[in-house]
Amino acid sequence: MSATSVLHPTSAPGGVHPAGPCTEVIFGASGDLTKRKLVPALYNLAVSGFLPKDFALVGFAKPAMSHEEFRDRLNQDIESHAGRTVDRPIWNWFLERIYYLSGEFADPGAYAALGKLLEEVEERHKTQGNRLYYLATLPSFFGTVVAQLGAAGLVEEREGTWRRVVVEKPFGHDLDSARKLNADISGVLAERQIYRIDHYLGKETVQNLMALRFANGIFEPIWNRRYVDHVQITVAEELGVEQRGPYYEEAGALRDMVPNHILQLIALTAMEPPISFDPEAVRDEKHKVLKAIAPMAPEEVLQRAVRGQYGEGVVSDTLVRAYRKEDRVAPDSGVETYVALKLFIDNWRWAKVPFYIRTGKRMPRRVTEITIQFHRPPLHLFRRAGVDRLDPNVLVIRVQPNEGISLNFGAKVPGPKMEIGGVTMDFNYSDYFGVQNSTGYETLLYDCMIGDATPFQRADMLEAGWAVVQPILDVWKALPPRDFPNYASGTWGPAEADEMLRRDSNKRWYQKD
Ligand code: BG6
């Protein structure tokens, strides 16, 4: 162990409240997530003054490594992962409180060693016995690690300390396995100790959805079936499956993106106003709206769910290979890399308003956005003036990239004729608030440390999400796809998804190319 420095990087600027003393333990610390996201995010928190000065980090994983070797590993590429020039004194302060322990996740002896190391580290860095355990392991180890932590007495909250566990996605493989995992971990931990993470909830624009809806008088009165024609959510990626073939072959786009990220976007868009920002008040409302999403009957799946798989094509001027040619992917794989769904929320506010969602890999560009499309005004007034079409007003919430909000509306084109042109009012986050350098994990990690579970999935929310997806998984399993690959890389997905909207009064996916 290296000597503890007394230097704390930043004196917290006004309004910044550093979290209280704690130690974070990362299981699976030799993996990419630790190096690319978790450590850079903790470092960024240190820079902005949110990390407690009494802090330590312990990495736990299988490979044998010394503390120094682990620190060296994290040192590589920190600059690019943190997204900013590294402040050496702060980075060195941070490195001095990083430790590593090698062990098997299923070996009780390793947890005894962990307990001992934690006591030493806590003594040295005055972290007061508060611990945040982060499960960045393969999902098959989630239950094992929690059981072992419980058996070793490492999650008991004694004498005013707190012990919390962060669980990464994927949380289960289907409804049954999600329920089982919930049951397994809640046999060891109280629900308030469990933080099921969804990194979409750490994105600034996603967090802003509640502010947009509830801090502005103009939106809420029109946020319902009387004014909204339909809602679209697009999560498109340029990337293919990269090195994640084996994971993706088990998951597919539906499991990978829908029960978590996309349903969370729907929940924030459609939920009722909570009675306060208390975590349970917010999560109760999210749970309610997820429960209100009507699960599809098998025959509805055929009408309202479209799957696709990318073939060869051109993305960003580069020829890329088909999914079936990716590393460690079956040459006849039936796994979907694209999914589009038409969902309904069966409640008072949203009855009969379709929510069209789509997500896919190897699309023409990376974009995540939510569009709220309002009813068209009556045309008769304009028809007499020779206008035969009015576009609907569309509120676009851009989650990434170029976070912002825009409103499309019609304006008169200057000139003697009554001609209506589409114009846009545009707000870009970076214009007002500057570019935020973050990994997306900063707020989430900070929230875990201060015990704010608002942006985390509760057991009931998660199960409600899987209940929406399960009927689709069942039908798709029973009817393997026959037309894969059915969209070329670099296109917006299979024609069938366009057709699904066209059938609904000639609707189209909202898209600015
Ligand atoms: C992950 C999925 O949860 O989210 C990936 O497993 C996907 O397949 C990623 O690429 C997308 O996240 P982001 O933040 O890049 O939109």
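Note: the structure precedes this text.
Every chain is numbered independently, its residues counted from 1 as its sequence is written. The model is predicted, so local features are restricted to residues of pLDDT at least 70 and side-chain atom pairs to those at 80 or more, both for listing and for counting; the totals for chains, interfaces and linings are taken over all residues. Calculation of side-chain values draws on the structure's entire complement of heavy atoms; hydrogens and water are dropped beforehand.

1. A look at the packing of helix α2 (residues 67-75) against helix α4 (residues 88-95)
Worth spelling out the cut-off: Here an angle of 0 to 180 degrees is reported between the N-to-C directions of two axes, which are lines fitted to C-alpha atoms, with helices fitted over the stretch in contact. Only runs of H or I of at least four residues qualify as helices and only runs of E of at least two qualify as strands under DSSP, and these elements are numbered from the N terminus. Each crossing is labelled by how the near helix is turned from the far one, with a counterclockwise turn of less than a right angle marking it left-handed and a clockwise turn marking it right-handed. The criterion used for residue contact is that any of the two residues' heavy atoms lie within 4.5 Å. Residue type decides the class: Asp, Glu, Lys and Arg count as charged, Ala, Val, Leu, Ile, Met, Phe, Trp, Tyr, Cys and Pro as nonpolar, and the leftover types, Gly among them, as polar.
At a minimum axis separation of 11 Å, α2 and α4 run at an interaxial angle of 145°. The handedness of the crossing between α2 and α4 is right-handed. Every residue of α4 that contacts α2 at Arg-71, Leu-74 and Asn-75 is listed here: Arg-88, Trp-91 and Leu-95. Residues belonging to the contact of α2 with α4 are distributed by class as follows: three nonpolar, one polar and two charged.

2. Quick word on the sheet that holds strand β2 (residues 55-61)
To be explicit about the condition: At least two DSSP bridges between two strands are needed for those strands to be called paired.
If you walk across this open sheet you meet the six strands as β3-β2-β1-β4-β5-β6, and the pairing is parallel. Strands at the two margins of the open sheet, each flanked by one partner only, are β3 (98-102) and β6 (194-196). Going across the sheet, the axis of each strand differs from the next one's by a mean of 20°, ignoring polarity. Sheet strands touched by helix α5 (residues 108-125): β1 (22-27), β2, β3 and β4 (131-135). Its angle to β2, the strand with the most contacts, is close to 165°.

3. Side note on the site of the ligand
Test applied: Throughout, near means a residue has at least one heavy atom within 4 Å of the molecule or strand. Here a polar contact is recorded for every N or O atom pair within 3.5 Å, except that within protein the pair must consist of a potential hydrogen donor and a potential acceptor, and residues adjacent in sequence are included only if both atoms are side-chain atoms. Only the protein chains shown count as cover for residues, and the accessible areas themselves come from Shrake-Rupley with a 1.4 Å probe.
In the neighbourhood of the ligand, the contacting residues comprise Lys-169, His-199, Tyr-200, Lys-203, Glu-237, Arg-244, Asp-256, His-261, Lys-361, Arg-366 and Gln-400. Glu-237 is positioned such that a nitrogen or oxygen atom in its side chain is 2.5 Å from an oxygen atom of the ligand. At a separation of 3.4 Å, an oxygen atom of the ligand approaches a polar side-chain atom of Arg-366. Burial of the ligand by the surrounding chains reaches 82%, relative to a free accessible area of 400 Å². Residue classes in the shell around the ligand are distributed as one nonpolar, three polar and seven charged.

4. Description of the sheet that holds strand β14 (residues 367-374)
Across the sheet, which stays open at both edges, the eight strands sit in the order β8-β12-β13-β7-β14-β15-β16-β17 with mixed pairing between neighbours. Two strands in the sheet have a free side with no partner beyond their single neighbour: β8 (305-308) and β17 (420-428). Taken over all neighbouring pairs, the strand axes of this sheet differ in orientation by 15° on average, direction set aside. The pairing of strand β16 (residues 404-412) with β17 spans nine bridges and is classified as antiparallel. Its bridge partner being in β17, Asn-408 is matched across the sheet by Thr-424.

5. Overview of the layout of surface pockets
In this approach the atoms are scanned with a rolling probe the size of a water molecule, which exposes any empty space left behind. We apply this condition: Cavities and pockets are found on a 1 Å grid laid over the protein atoms alone: a cavity is a set of points where a 1.4 Å probe fits but cannot escape, a pocket is an open set with protein on both sides within 12 Å along at least five of seven lines, and a lining residue has an atom within 4 Å of such a point. Grid points are joined across faces, edges and corners, and a volume is the space filled by probe spheres set on the points.
There is about 930 Å³ of room inside the second largest pocket. As for the second largest pocket, its lining consists of 36 residues, of which Arg-376, Arg-389, Leu-390, Asp-391 and Pro-392 are closest to the centre. Breaking the lining of the second largest pocket down by element, the ones donating at least two residues are β7 (228-236), β14, β16 and β17. Tallied by class, residues from the lining of the second largest pocket come to 14 nonpolar, 13 polar and nine charged.

6. Remarks on the side chain of Thr-205
Our working definition: Remark: exposure states derive from per-residue accessible area (1.4 Å probe, protein chains only) relative to the maximum for the residue type, with buried under 20%, exposed over 50%, and partly exposed in between.
Relative to the helices and strands, Thr-205 is located in helix α8 (residues 204-214). Residue classification places Thr-205 among the buried residues on the basis of a relative accessible area of 1%. Within polar-contact distance, the side chain of Thr-205 engages the backbone oxygen of Val-399 at 3.2 Å. Among residues more than four places away in sequence, those in contact with Thr-205 are Ile-397, Arg-398, Val-399, Glu-403 and Tyr-429.

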